[in-house]
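# Results of the structural survey
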Amino acid sequence: YGHPSYSGSQSGSTWNNDQQLPQNLRSHAAARSIALHEFHTYLRHFTDRLSFIWPVLDVNQLLARLHDQTDHVSYALATAICGATIAQLQIATHEHRHLPLSMAHDAERTRFLLDYHNSQLVDALLTCFFLHVLYSNIGKSTKALVCLREAITYAHVLGIHQDAFYADLSHNSA
């Protein structure tokens, strides 16, 4: 889907490996509150009902990345997507900790602990965008606008607002 770098890990990721994290942050970043099987459930909803609206990522590749417990960037992205999916589709959740706002806080906590601004730019853009969707759907309009502005900034840094970005892409990718 889209530009090849949208589908997964990019070289140059600053915080994709626990060994690169400062010692005092490793245990905090490693604490995942969402189980892998729960990501499968919510990402299936995303694929079935929302991916045609937002065809911006390869869900299977994201799920594969989530198996790596040290790939915290993918965890933040998946948490933002799942929270946005729950909020957008108004999916009833059985456990309080999986409410959209809890997922947003988990994504934000992971971003903060990992100095997310120095991480993978496409993943950072998508995480901000899906946090924007999540916050918009739960009535937190100021936070939603801040996340949207951050996503637009990442888009500018990547240059996707320029025609040259699309010059080498196939018609389907563009």
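See the structure printed just above.
Note that the structure is predicted; figures quoted are calculated from it, not measured.

The rules behind each value
- Residues numbered from 1 in each chain as written.
- Predicted model: local features only at pLDDT ≥ 70, side-chain atom pairs only at ≥ 80, totals over all residues.
- Heavy atoms only, no water.
- Core = buried A, V, L, I, M, F, W, Y, C linked by side-chain atoms within 4.5 Å.
- Buried < 20%, exposed > 50% of the residue type's maximum accessible area, 1.4 Å probe, protein only.
- Helix = DSSP H or I, 4+ residues; strand = E, 2+ residues; numbered from the N terminus.
- Contact = heavy atoms within 4.5 Å.
- Phe/Tyr/Trp six-rings, centres within 6.5 Å; stacked < 30°, edge-to-face > 60°.

Let us look at the nonpolar core. Phe39, Leu43, Phe46, Leu57, Ile81 and Phe130 are the most contacted members of the largest nonpolar core, which has 43 residues in total. Only α2 (36–49), α3 (59–66), α4 (72–89), α5 (100–113), α6 (121–137) and α7 (141–158) provide two or more residues apiece to this core. The biggest single contributor to this core is α6, with 10 residues. Not counting residues within four places of it along the chain, the set of residues in contact with phenylalanine 46 comprises Ser51, Trp54, Leu57, Val59, Ile81, Thr85 and Phe130.

A word on the packing of aromatic side chains. Under the definition given, this model contains five aromatic pairs. Centroid distance tryptophan 54 to phenylalanine 129: 5.8 Å. Interplanar angle 80 degrees. Geometry classified as edge-to-face. Here the residue tryptophan 54 occupies a position in the loop between α2 and α3, and phenylalanine 129 occupies one in helix α6, the gap between them amounting to 75 residues. Here tryptophan 54 falls in the buried class, since its relative accessible area comes to 16%. One aromatic cluster is present, built from ring pairs that chain together Phe46, Trp54, Phe129 and Phe130.

Read these as geometric descriptors, not functional statements.
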